[in-house]
Amino acid sequence: MPEQTVSIPVARQLPKPRDPRLDVLRGLALVMIFINHVPGNFWEDWTSRNFGFSDAAEGFVLMAGISAGLAYSAGFRVRWPWQGVAKIWRRAWTLYLVHLLITFSALAIAAALARFADMPAMLWKHGMGLLFRDPLGFLVGVPTLGFQIGYANILPLYFVLLMAAPLVLWAAVRRPLWTLGASALLWMAAAHFRLTLPNYPTGGWQFSPPAWQLLFVLGLVTGIMAKQGRRLVPARRWIMGVAVAFLVLSLAWMNLPGFGKTGNHLLWMANQQGVPGFMTSFSKPYLNLPRLLHLLALFYVLASWGAVRRACASRLAAPFALLGRQALPVFALGSITIYLIQGIKTETGENFALDTMMLGTGLALQFAFAAARQYWPADRDAAARAAAAPPAPKKALAA
């Protein structure tokens, strides 16, 4: 009798549902970055930078690292991770092109305002005047990322971090704590000695990649462990207490003038006694210690407090999650829009009604763009599949 083969169903591991917190928090960061990049408006006083030492930029870089750890770490568990390297560098190339798009769009907006609206002031803001003072230096500096106009500094930083990400990921999936230790040492050296990449023709990068890489690496390791269902820092009540206490301290420091003045004096005294400057000041370009600690405390609370997950999963948070899922195109649109708004404000100054209308319109465009990116591709794919499907039998049509 021939041997019968019995097929046994194999249980497949269902994909884990997407954590809503990352998308929602990234969407909120995009909104705050957009508002903060239009100086001199009423609403910037209500963004996160007024309630603590760090702001949305630090959160954006940390979440970029978390997303990269979640998306790319699996490709670096093999011996030769060339496909993973190619995937990351393709993304980095996209970031580079988007940065150039933002830069030249800003120049076009400034030129259009000067020619058609008699508003030439933007041509000389944010370093754009270099185009007229040193056109050859400008044309060399922009495509090499050696020169970056104001408010267009985050994507070059992200580009450099992604270019280095394959090596960091390869190390982090094997020795995460050693990788974090090396990253922390590099941050300390960069913050203490003020190391950054050189600009061309003059100066240095607004955000020091050797310093800011610590946030990105922390995010990478966090994402790697989250992919495995683990936490980088365990949930403990005493850690939560310390984090909340530091957030309250930061809030008081920023909003109680007497408290903040006393704190700044104490930090100055500590510096005079030999404590390194990166531990006693609030420099953003070099990610000094108070800013770093504030962001880590904030994200620990957000990651450990169950109410945050429930709030991010609610319907009220869905629009921000939509922004977060389409972060790069939304960021690009918002970045281009802020140059137009800034150009108009060079003539109008601070005007609550006009500023609110312009910011509201800009945000509405970003939400609409994110929705179009999210939902229209599915409709086009469905239409394409329907067009490619073979025609139904005549009998079926008749029925």
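(A) Highlighting the overall build of the protein. Counting secondary structure elements, the protein contains 17 helices and zero strands. For the protein, the proportion of its 399 residues judged to be buried stands at 43%. Counting only contacts in the protein whose residues sit at least 6 apart along the sequence, the fraction spanning at least 24 positions is 76%. Here the protein displays about 22200 Å² of accessible surface, and carbon together with sulfur accounts for 68% of that area.

(B) The packing of aromatic side chains, seen in detail. Throughout the structure, instances matching the rule amount to 18 aromatic pairs. Relative to W253, the ring of F53 lies with its centre 5.5 Å away and its plane at 90 degrees, an arrangement referred to as edge-to-face. Of the two residues, F53 sits in the loop between α1 (20-36) and α2 (56-72) while W253 sits in helix α9 (residues 237-255), which places them 200 residues apart along the sequence. Like W253, F53 is buried.

(C) Structural context of the environment of Y72. Among the secondary structure elements, Y72 is positioned in helix α2. For the pair Y72 and L169, spaced 97 residues apart in sequence, the C-alpha separation works out to 8.1 Å.

(D) Spatial organisation of helix α10 (residues 257-272). Along its 16 residues, α10 runs 22 Å from first to last C-alpha, staying within 8% of the 22 Å computed at 1.5 Å per residue. Of the surrounding secondary structure, the elements contacted by the buried residues of α10 are α9 and α11 (277-280). Backbone geometry just downstream of α10 places G274 in the positive-phi region, at approximately 110 degrees.

(E) Just the nonpolar core, in detail. Within the largest apolar cluster, 91 residues are counted, with the highest numbers of intra-cluster contacts made by M128, L155, L162, W187, W212, F216 and Y339. The element that contributes the greatest number of residues to this core is helix α3 (residues 82-116), accounting for 13 residues. Not counting the four nearest positions on each side in its chain, M128 is found in contact with A106, L107, A110, M122, L123, I149 and Y339. Formed by 10 residues, the second largest nonpolar core is a distinct cluster that contains L247, L267, A297 and Y300.

(F) Highlighting unusual backbone geometry. At the junction of Y200 and P201, the peptide bond is cis and its omega measures out at 10 degrees in the coordinates. Tracing the backbone through its elements, the reader meets P201 in the loop between α7 (176-193) and α8 (209-227). Positioned with a positive phi, L145 is a non-glycine residue whose angle comes to about 65 degrees. On the accessibility criterion, L145 (5% relative accessible area) is buried.

(G) The pattern of salt bridges, seen in detail. Summed over all chains, the structure comprises eight salt bridges. Among the ionic pairs, E58 bridges to R291, the shortest N-O distance being 2.6 Å. Taken together, the positions of E58 in helix α2 and R291 in helix α12 (residues 289-304) put the pair 233 residues apart, joining distant regions of the chain. According to the relative accessible area criterion, E58 is buried, its value standing at 0%.

(H) Representation of the confidence of the model for the protein within the structure. Per-residue pLDDT for the protein has a mean of 91; in total, 90% of the residues score no lower than 70. Counted against residues more than four places away or in other chains, residues 5-13, with its pLDDT under 50, gives zero contacts. Below a pLDDT of 50 lies the segment residues 394-399, which in the model reaches one contact outside its immediate sequence neighbourhood of four places, other chains included.

(I) Quick look at the packing of α7 against α8. Two elements in contact, α7 and α8, have axes separated by 7 Å at closest approach and are oriented at 165 degrees. Between α7 and α8, the interaxial angle falls into the category roughly antiparallel. For the element pair α7 and α8, the recorded crossing hand is left-handed. Facing P176, T179, L180, S183, A184, L186, W187 and A190 of α7, the residues of α8 in contact are P210, A211, Q213, L214, V217, L218, V221 and M225. Grouping the constituent residues of the contact of α7 with α8 by class yields 13 nonpolar, three polar and no charged.

(J) Representation of the packing of α1 against helix α15 (residues 327-348) in the model. Viewed as axis vectors pointing N to C, α1 and α15 meet at an angle of 15 degrees, and their least axial separation amounts to 10 Å. Put simply, α1 runs roughly parallel to α15. The interaxial crossing formed by α1 with α15 has right-handed handedness. Of α15, the residues touching α1 (which contributes R26, L30, I33 and F34) are A327, V330, F331, G334, T337, I338 and I341. Across the contact of α1 with α15, the residue classes break down as eight nonpolar, two polar and one charged.

(K) Examining the side chain of E44 more closely. By the element assignment, E44 lies in the loop between α1 and α2. The exposure class assigned to E44 is buried, which follows from its relative accessible area of 11%. Engagement of the side chain of E44 in a polar contact is seen with the backbone nitrogen of G40, the distance being 2.8 Å. Look past the residues within four positions of E44 in its chain and what remains in contact with it is I35, N36, V38, P39, R49 and N50.

(L) Local environment of the environment of L101. With respect to the secondary-structure elements, L101 resides in helix α3. Given the relative accessible area of 46%, L101 is considered partly exposed. On a C-alpha basis, the gap between L101 and I336 in space is 8.7 Å, while along the polypeptide they are 235 residues apart.

(M) Quick peek at α2. In this model α2 runs 24 Å from its N-terminal to its C-terminal C-alpha over 17 residues, within 8% of the 24 Å that 1.5 Å per residue would give. The buried fraction of α2 amounts to 15 of the 17 residues, a majority that puts the element mostly inside the structure. A side-chain oxygen of the first residue of α2 lies 2.9 Å from the backbone nitrogen of A57; this N-cap is D55.

The rules behind the values
Residues numbered from 1 in each chain as written. Predicted model: local features only at pLDDT ≥ 70, side-chain atom pairs only at ≥ 80, totals over all residues. Heavy atoms only, no water. Helix = DSSP H or I, 4+ residues; strand = E, 2+ residues; numbered from the N terminus. Buried < 20%, exposed > 50% of the residue type's maximum accessible area, 1.4 Å probe, protein only. Contact = heavy atoms within 4.5 Å. Areas by Shrake-Rupley, 256 points an atom, 1.4 Å probe, with all protein chains shown as cover. Phe/Tyr/Trp six-rings, centres within 6.5 Å; stacked < 30°, edge-to-face > 60°. Expected span 1.5 Å × (residues − 1). Core = buried A, V, L, I, M, F, W, Y, C linked by side-chain atoms within 4.5 Å. Salt bridge = Lys/Arg side-chain N within 4 Å of Asp/Glu carboxyl O. pLDDT = per-residue confidence, 0-100. Axes fitted to C-alpha atoms, helices over the stretch in contact; angles between N-to-C directions. Parallel < 35°, antiparallel > 145°, perpendicular 65-115°, else oblique. Left-handed = near helix turned anticlockwise from the far one by under 90°. Nonpolar A, V, L, I, M, F, W, Y, C, P; charged D, E, K, R; others polar. Polar contact = N/O pair within 3.5 Å; in protein donor to acceptor, adjacent residues only side chain to side chain.

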